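Residue-level listing of the chains:
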Amino acid sequence: MKFFIDTANLQDIQEAQEMGVLDGVTTNPSLMAKEGITGKDNILKHYLNICNIVDGDVSAEVVSTDYDGMVREGEELAALHPQIVVKLPMIGDGIKACKYFSLKGIKTNVTLVFSPGQALLAAKAGATYVSPFLGRLDDISTDGMHLIEEIREIYDNYEYKTQILSASIRHTMHIVNCAKAGSDVMTGPLSAIKGLLKHPLTDIGLNQFIEDAKRMKL
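Residues numbered from 1 in each chain as written. Predicted model: local features only at pLDDT ≥ 70, side-chain atom pairs only at ≥ 80, totals over all residues. Heavy atoms only, no water.

**A word on the pattern of salt bridges**
Argument step 1. A complete count under the given rule lists 10 salt bridges for this structure.
Argument step 2. Among the ionic pairs, D57 bridges to K107, the shortest N-O distance being 3.1 Å. Residue D57 is found in strand β3 (residues 57-61), and its partner K107 is found in the loop between α5 (92-103) and β5 (108-113); the two are separated by 50 residues along the sequence. (Salt bridge = Lys/Arg side-chain N within 4 Å of Asp/Glu carboxyl O. Helix = DSSP H or I, 4+ residues; strand = E, 2+ residues; numbered from the N terminus.)

What follows is the structure, encoded as structure tokens:
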């Protein structure tokens, strides 16, 4: 399973990259605003800064909700850097734009997916990635992980090449469960990725090794 980090924070991206496990980045307008990135030129420059840190795909989201606007924005984003993936909303014009980009060989990520039917449409339109938001489903007392399992079953049934990019990851167990469910990619905060490092027995064991090494005067 690929590890993406869901942020626009360059320091977090750099730290994840230095861990040696980062495969890509996802962003959205909310994450850009959180970092104080405003204005078209600054946003485009920020995408380039991200691409210069990571080796893998970087999802850059359009803000238009009409077909012509999404195509115009998407083409501009795709021209920025070969790593850019055009991120499109799961709406009618978004699926139409997804088909347009897939025919042109431009990578896409269909986002805000909350049902198996939506994921099926994205795959039919040739999406490179589909982003089901499991954490937001959990927030409304719905089993988000079950959605990942359903999409995996549908894609396997028909051998769709679209990759399941499990989004809205909130914690470490989300990552583990996504891996068990067969998600192709997960995207979440640095804290969730670093959480995989933690286990009390690891800390206890390491402390014991250190103390024993001191007694042996190593």
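What follows continues from the structure just given.
**Things to note about the packing of aromatic side chains**
Argument step 1. Scanning the model with the defined rule gives 6 aromatic pairs in all.
Argument step 2. Ring geometry for Y100 versus F101: centroids 5.3 Å apart, planes at 75 degrees, classification edge-to-face.
Argument step 3. Accessibility expressed as a relative area gives 24% for Y100, which makes it partly exposed.
Argument step 4. Here the aromatic rings of Y155 and Y160 are separated by 5.8 Å at their centres, their planes lie at 70 degrees, and the arrangement is edge-to-face.
Argument step 5. Looking at Y160, the relative accessible area reads 23%, which means it is partly exposed.
Argument step 6. By way of ring pairs, the aromatic residues Y67, Y100 and F101 are connected into one cluster.
Argument step 7. A cation over a ring is seen here: K96 above Y67, with NZ or CZ 4.4 Å from the ring centre. (Phe/Tyr/Trp six-rings, centres within 6.5 Å; stacked < 30°, edge-to-face > 60°. Buried < 20%, exposed > 50% of the residue type's maximum accessible area, 1.4 Å probe, protein only. Lys NZ or Arg CZ within 6 Å of the ring centre and 35° of its normal.)

**Some points on helix α3 (residues 40-51)**
Argument step 1. Counted at 1.5 Å a residue, the expected span for α3 with its 12 residues is 16 Å, and the 17 Å between its end C-alpha atoms agrees.
Argument step 2. Along α3, the residues that are buried comprise L44, H46, Y47, I50 and C51. Buried residues of α3 fall within an arc of 155 degrees about the axis and therefore sit on the same side. Looking at α3, the residues exposed on the side facing more than 90 degrees away from the buried face are D41 and K45.
Argument step 3. Buried-residue contacts for α3 involve α1 (10-19), β2 (24-26), α2 (29-34), β3, α4 (67-80) and β4 (84-89). (Expected span 1.5 Å × (residues − 1). Arc of directions from axis to C-beta. Contact = heavy atoms within 4.5 Å.)

**Notes on unusual backbone geometry**
Peptide bonds are mostly trans, and most non-glycine residues show a negative phi.
Argument step 1. The backbone of E159 shows a phi angle near 55 degrees, a positive value even though the residue is not glycine.
Argument step 2. Note that E159 resides in the loop between α8 (144-158) and β7 (163-166).
Argument step 3. Although it is not a glycine, S168 adopts a positive phi angle of roughly 60 degrees.
Argument step 4. With respect to the element layout, S168 can be found in the loop between β7 and α9 (172-181).

**Here we look at a nonpolar patch on the surface**
Argument step 1. Taken together, the side chains of M19, V21 and L197 define a hydrophobic patch exposed on the protein surface, amounting to about 260 Å² of accessible area.
Argument step 2. Structurally, the position occupied by V21 is in the loop between α1 and β2.
Argument step 3. Since its relative accessible area comes to 35%, V21 is described here as partly exposed. (Patch = residues over 30% accessible without salt bridge, like charges linked within 9 Å, V, L, I, M, F, W, Y side chains within 5 Å. Areas by Shrake-Rupley, 256 points an atom, 1.4 Å probe, with all protein chains shown as cover.)

**What about the packing of α8 against α9?**
Argument step 1. Contact geometry of α8 with α9 gives a least axis separation of 9 Å together with a crossing angle of 20 degrees. In terms of axis orientation, α8 runs roughly parallel to α9. Considering the relative orientation of α8 and α9, their crossing is right-handed. Between α8, through M145, I148, E149 and R152, and α9, the contact on the second element is made entirely by H174, N177, C178 and A181.
Argument step 2. Its residues placed into classes, the contact of α8 with α9 shows 4 nonpolar, 2 polar and 2 charged. (Axes fitted to C-alpha atoms, helices over the stretch in contact; angles between N-to-C directions. Parallel < 35°, antiparallel > 145°, perpendicular 65-115°, else oblique. Left-handed = near helix turned anticlockwise from the far one by under 90°. Nonpolar A, V, L, I, M, F, W, Y, C, P; charged D, E, K, R; others polar.)

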